[in-house]
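Letter by letter, the chains look like this.
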2 protein chains.
Amino acid sequence: MSNPTPNGAQSLIRTLVDSGVEVCFANPGTSEMHFVAALDDVPGMRAVLGLFEGVATGAADGYARIAGKPACTLLHLGPGLGNGLANLHNARRAHTPMVNIVGDHATYHKRYDAPLESDIDAVAGTVSSWVHRSMTPDAVPTDGARAVAEAMRAPGGVATLILPADVCWLDSTPPAEPITPQPAAIVPDEVIVAAARALQSDGDSVLFLGGRTLDERGQRAAVRIAAATGAKVFGEVFPRIQRRGAGLPVVERLTYLAEFAQMQIGDATSMVLVDAPAPASFFAYPGKPSSLVPEGCAVSTLATGTDDPVAALEALADALGAPEDVALAEASRTEPPTGELTVETVAASLGALMPENAIIVDEAQTSGIFNQGATGGAPAHDWLTLTGGAIGIGVPLSLGAAIAAPDRPVINLQADGSAMYTLQGWWSQAREGANVTTVIYNNSSYAILRMELARVGAEEAGPKALSMLDLHGPDLDFVDLAQGMGVTAERAETAEQFTEALERALAHDGPNVIEAIVPPLGM
Amino acid sequence: MSNPTPNGAQSLIRTLVDSGVEVCFANPGTSEMHFVAALDDVPGMRAVLGLFEGVATGAADGYARIAGKPACTLLHLGPGLGNGLANLHNARRAHTPMVNIVGDHATYHKRYDAPLESDIDAVAGTVSSWVHRSMTPDAVPTDGARAVAEAMRAPGGVATLILPADVCWLDSTPPAEPITPQPAAIVPDEVIVAAARALQSDGDSVLFLGGRTLDERGQRAAVRIAAATGAKVFGEVFPRIQRRGAGLPVVERLTYLAEFAQMQIGDATSMVLVDAPAPASFFAYPGKPSSLVPEGCAVSTLATGTDDPVAALEALADALGAPEDVALAEASRTEPPTGELTVETVAASLGALMPENAIIVDEAQTSGIFNQGATGGAPAHDWLTLTGGAIGIGVPLSLGAAIAAPDRPVINLQADGSAMYTLQGWWSQAREGANVTTVIYNNSSYAILRMELARVGAEEAGPKALSMLDLHGPDLDFVDLAQGMGVTAERAETAEQFTEALERALAHDGPNVIEAIVPPLGM
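Every value quoted in this text rests on a predicted model; they were computed, and no experiment measured them.

With 223 residues, the main nonpolar core has Phe25 and Trp426 of chain A together with Phe25 and Trp426 of chain B as its most contacted residues. The residues contacting Trp426 of chain B, other than those within four sequence positions of it, are Val395, Thr438, Ile440, Phe478, Leu481, Ala482, Met485, Val487 and Val513 of chain B.

Now for the pattern of salt bridges. Residue and element names in this part refer to chain A. In the structure shown here, the tally under the stated rule is 49 salt bridges over all chains. Measuring nitrogen to oxygen at the nearest pair gives 3.2 Å for the salt bridge that ties Arg243 to Asp382. On the criterion of sequence distance, the pair formed by Arg243 in strand β9 (residues 242-244) and Asp382 in strand β14 (residues 381-385) is long-range, its members being 139 residues apart. Side by side, Arg243 and Asp382 carry an identical accessibility label, which is buried. Close ionic contact of Asp382 with Arg408 constitutes a salt bridge, the shortest N to O distance being 2.7 Å. In this pair, Asp382 sits in strand β14 while Arg408 sits in the loop between α14 (394-404) and β15 (410-415), placing the two residues 26 residues apart along the sequence. Arg408 matches Asp382 in its accessibility class, with the two residues each being buried. A network of salt bridges, in which partner residues are shared, links Asp104, Lys110, Glu117, Asp121 and Arg133.

As enumerated under the stated definition, the model contains eight cavities of 30 Å³ or more in all. What lines the largest cavity is Met420, Leu423, Gln424, Leu481 and Met485 of chain A together with Met420, Leu423, Gln424, Leu481 and Met485 of chain B. Per-class residue counts for the lining of the largest cavity are eight nonpolar, two polar and no charged.

For helix α16 (residues 425-432) of chain A, the complete set of buried residues consists of Gly425, Trp426, Trp427, Ser428 and Gln429 of chain A. If you follow the buried residues of α16 of chain A, they end up packed against β2 (46-49), α3 (53-67), α14, β16 (436-442), α19 (478-484) and β18 (512-517) of chain A.

This part covers the pairing of strand β5 (residues 130-133) of chain B. In this structure, β5 of chain B lies alongside strand β6 (residues 158-164) of chain B, joined through four bridges in parallel fashion. Across the sheet, residue His132 of chain B finds its bridge partner in β6 of chain B, namely Leu161 of chain B.

Between two aromatic rings, the relevant description is the distance of the centres plus the angle of the planes. Applying the stated rule across the entire model yields 15 aromatic pairs over all chains. Geometrically, the ring pair formed by Phe282 of chain A and Phe283 of chain A is edge-to-face, given 5.2 Å between the ring centres and 70° between the ring planes. Here the two residues Phe282 of chain A and Phe283 of chain A agree in accessibility, since each one is buried. Taking the centre distance of 5.7 Å and the plane angle of 80° together, the rings of Phe238 of chain B and Phe282 of chain B count as edge-to-face. You can see Phe238 of chain B sitting in the loop between β8 (232-235) and β9 (242-244) and its partner Phe282 of chain B sitting in the loop between β11 (270-274) and β12 (298-303), a full 44 residues away along the chain.

Taken together, the contacts link 96 residues of chain B with 96 residues of chain A. Summed over both partners, the interface of chain B with chain A buries about 7700 Å², with 65% contributed by carbon and sulfur atoms. Applying the counting criterion to the chain B and chain A interface returns four salt bridges. At the boundary of chain B and chain A, one finds 44 residue pairs in polar contact (both at pLDDT 80 or more). Of all elements in the fold, only α2 (33-38), β2 (46-49), α4 (77-94), α5 (120-125), α16 (425-432), α17 (447-455), α18 (463-467) and α19 (478-484) of chain B reach the threshold of two or more residues within the side of chain B that touches chain A. Looking at which element gives the most residues to the side of chain B that touches chain A, the answer is α4 of chain B, with nine residues. Counted by class, the side of chain B that touches chain A contains 52 nonpolar, 30 polar and 14 charged residues.

Residue and element names in this part refer to chain B. Here Leu257 shows up in the loop between β10 (252-253) and α10 (258-265). Taking the C-alpha atoms as reference points, Leu257 and Ser281, 24 residues apart in sequence, are found 7.7 Å from one another. In this structure Leu257 touches Met451 and Arg455, once residues within four positions along its chain are discounted.

This next bit is on the sheet that holds strand β6 (residues 158-164) of chain A. Where strands meet in a sheet, backbone hydrogen bonds hold them as pairs that are either parallel or antiparallel. Residue and element names in this part refer to chain A. Judged by pairing direction, the sheet is parallel, and its six strands sit side by side in the order β2-β1-β3-β4-β6-β5 without closing on themselves. Each end of this open sheet is capped by a strand with a single partner; those strands are β2 and β5 (130-133). In this sheet, adjacent strand axes meet at a mean angle of 20° when their direction is disregarded. Pairing between strand β1 (residues 23-26) and β2: four bridges, direction parallel. Note on β2: the bridge partner recorded for Val23 is Arg46.

Thresholds, definitions, all that
Residues numbered from 1 in each chain as written. Chains lettered and ligands numbered in written order. Predicted model: local features only at pLDDT ≥ 70, side-chain atom pairs only at ≥ 80, totals over all residues. Heavy atoms only, no water. Core = buried A, V, L, I, M, F, W, Y, C linked by side-chain atoms within 4.5 Å. Buried < 20%, exposed > 50% of the residue type's maximum accessible area, 1.4 Å probe, protein only. Contact = heavy atoms within 4.5 Å. Salt bridge = Lys/Arg side-chain N within 4 Å of Asp/Glu carboxyl O. Helix = DSSP H or I, 4+ residues; strand = E, 2+ residues; numbered from the N terminus. 1 Å grid on protein atoms, 1.4 Å probe; cavity = no way out; pocket = protein on both sides within 12 Å on 5 of 7 lines; lining within 4 Å. Points joined across faces, edges and corners; volume = space filled by probe spheres on them. Nonpolar A, V, L, I, M, F, W, Y, C, P; charged D, E, K, R; others polar. Pairing = 2+ DSSP bridges. Phe/Tyr/Trp six-rings, centres within 6.5 Å; stacked < 30°, edge-to-face > 60°. Buried area = accessible area lost by both parts, 1.4 Å probe. Polar contact = N/O pair within 3.5 Å; in protein donor to acceptor, adjacent residues only side chain to side chain. Axes fitted to C-alpha atoms, helices over the stretch in contact; angles between N-to-C directions.

Printed below as a string of structure tokens:
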């Protein structure tokens, strides 16, 4: 340190680095200037600038899903937190460990109710598993260590540390020692036995996986359990991350459309939840049930978020005497498609070309329905989804994933309407040289809302209603938009063009955008 | 109505229209589909789609500042509210009347804690003067009328109505009658007399104007008062709207930099506040005072937000026997500049060309410092500012202002870094044919933060810190970005090019972007 007595900001950053936090996704303002200045005083913290806070929070989510440990954010007071809130909501639903640092006015300045004053604590409370405000510079280092431990406490969460400006600029105490997070609980034997009984009971049974269970170990154990009991296994609709592809166990996810999810679940009379809530419809629809649990089906829980759900699955598989060998996905590739560019031919190109150990960031919405099917036999990969339903996650999540794993290719499958929420992340991808290939499905519509308009029983839509779902007039040009932020981009209008563009993009380091002109699904 | 028994959405929209709400700035999702469908069933409500909620909330603010009555928004659950929060914060600080409609899950669906479930009420409470949740379809019409009245209650505010999906789709009661807002209070005579004494006391006195006082009537009365008492008159740093230019009374605003504001206020021993809080520094700085009220200065209040502050100023002027005739700004024009393009030559072009009755939306930050000086004698115009300090207001505020006043030219003076927060508003400008000329000051930096870094005493910044304030690498190309959203755009690199571009843009209906390549101030 350049300063023998560290200020609050210096001691905090040093504490964060010592606790394993190596990246700060930042969009700072005046009240965070001492934190920014301290980045040069403390080695070990990489700072990544976002041009909008939703980029910073979404990137911190993507980083942690891949790195398995938190990054920190740096946001500017209540409005900065507000701009980052939608992706913090998604992170909350993903149980992503994150240290969310929100700068605030100096402690003594708050009573003047200056223009940027607002109730940060109230807003932060809606997305955080822990909220704390550092009130003295001496408390900051310990508060920082605590924030990391709270972020890492099972199942993981957003730990928000509110940081008044004077607390940063005043002399502080030395950095704090890392605090060991509270370990996940081990599921007791009697719960394992009860789950075994539930899955072996008469009638169909379902093992429902969420949270942290969709890694290789968790899915392997689940498939062993299925082999021993005949239970159906499903993953939640929007998992934080699922490991899949050739050589891996196969776990199907429940579909977004409740009608289809009900068909998947069928007439199950017993359902065992593992790090997941009981399945429910994403939205309510007139005259349709909200719960996806069949009537009369007994629901029990093997492991909750504060347990170690993968260890519980393995213990259950062993208790059942389940076979060690399970069926794994065989390697297979789709054929490179020809002719019209559609969401189906895009999927086939993807299946044909997906590189080894790719990270797929899926915000494709309706355009993505063929992608899982086309890539089940592709080389092993991780699949990240929109956990909280707050659109605008894909571009920043890809940025964060690429920073966590610079040697892995990241492919962002991205709906056009959703992309427009946090498109500023492309600039950060360019600045950081993030190895992200973005496929924009340009169908010039909120296609999912056209479908939803009919599903909610409001199908007799007039011209004003339809105009709210239509992204024509003017057409968005994503090649211009990408180039305006320094990202290489090209447009594809046939399947052949798309396949060639995807080959080029995957062979090229750094960010690339391919704008795929496709008709909306069903049009 | 197409339906003899209106559903909740139809009856709500009809009530809003009957109460004078004519425009809905919307970014809907599934839970708002019945509201969207009802837009075609009820005549009189214009729907303007934003591709991001911050566009919708900022546009509703701009609309109301010009129209003098509320628009409504339509946002999608908690994350949609979050995305709109920064500009709702600005609207709160502007005391903008707005009916902020946030869709939510059906009442019976909330207990399933579906992915988009979150605490909407807590977030809304931080920006709203009134928050209400409609729990039955029969209550919706009255709730809607109440929301308009609460939005219009002096001094104006964000009235948030949370609207569960089933409350919209179920059969409702007929539309509700408009509710008259509670009128602003009349300031009692004794307060007028006390203010007169305070301004006539020994020593220097200051009359400090905020809120709704900076229209023509309020400023005229304030200048009369100054003539009668010798008081200095200042407007707040960031007013919601100020009427100014040739033929209008001249009221100087306090400057953003506290050091200069202190010089403006000088050694005043008496200060009278009119619809404004006592002046305070925007941020705290080490070793500098937060309050801008000189030590020993007596502060009193002529009118608060719930009073009629313009009537109070006029009553005070009359009580003082102040002259009716006051000095007005003379018409004058700057010369069209030549040579290098700088923030100063941009200002001169603006002063030379500003059309009659323009609406200036000022989010120019450091690049704007010459603009007020260059336009004091330009034709009469309104000047709108960033009231709450939450950047990303300019593009949407311009959209809303243009929709409120389609026959007036809107000029958005826009800093580059701030523009990137809500750039999506350009697409809505193009779609609506909004007559907005945007001047982007592209100085490739968060120039204001470079200044602030030094002001907070953190001037020994290293390369990481400086990289957080630097928008190079890659350079943003705002011509590409504008064209990608269907907006005509050109780049200017000399003063002559800029003047010609501004002439072209002002002569051309619909949105136009001019990217002015300028050095950061002081570089």
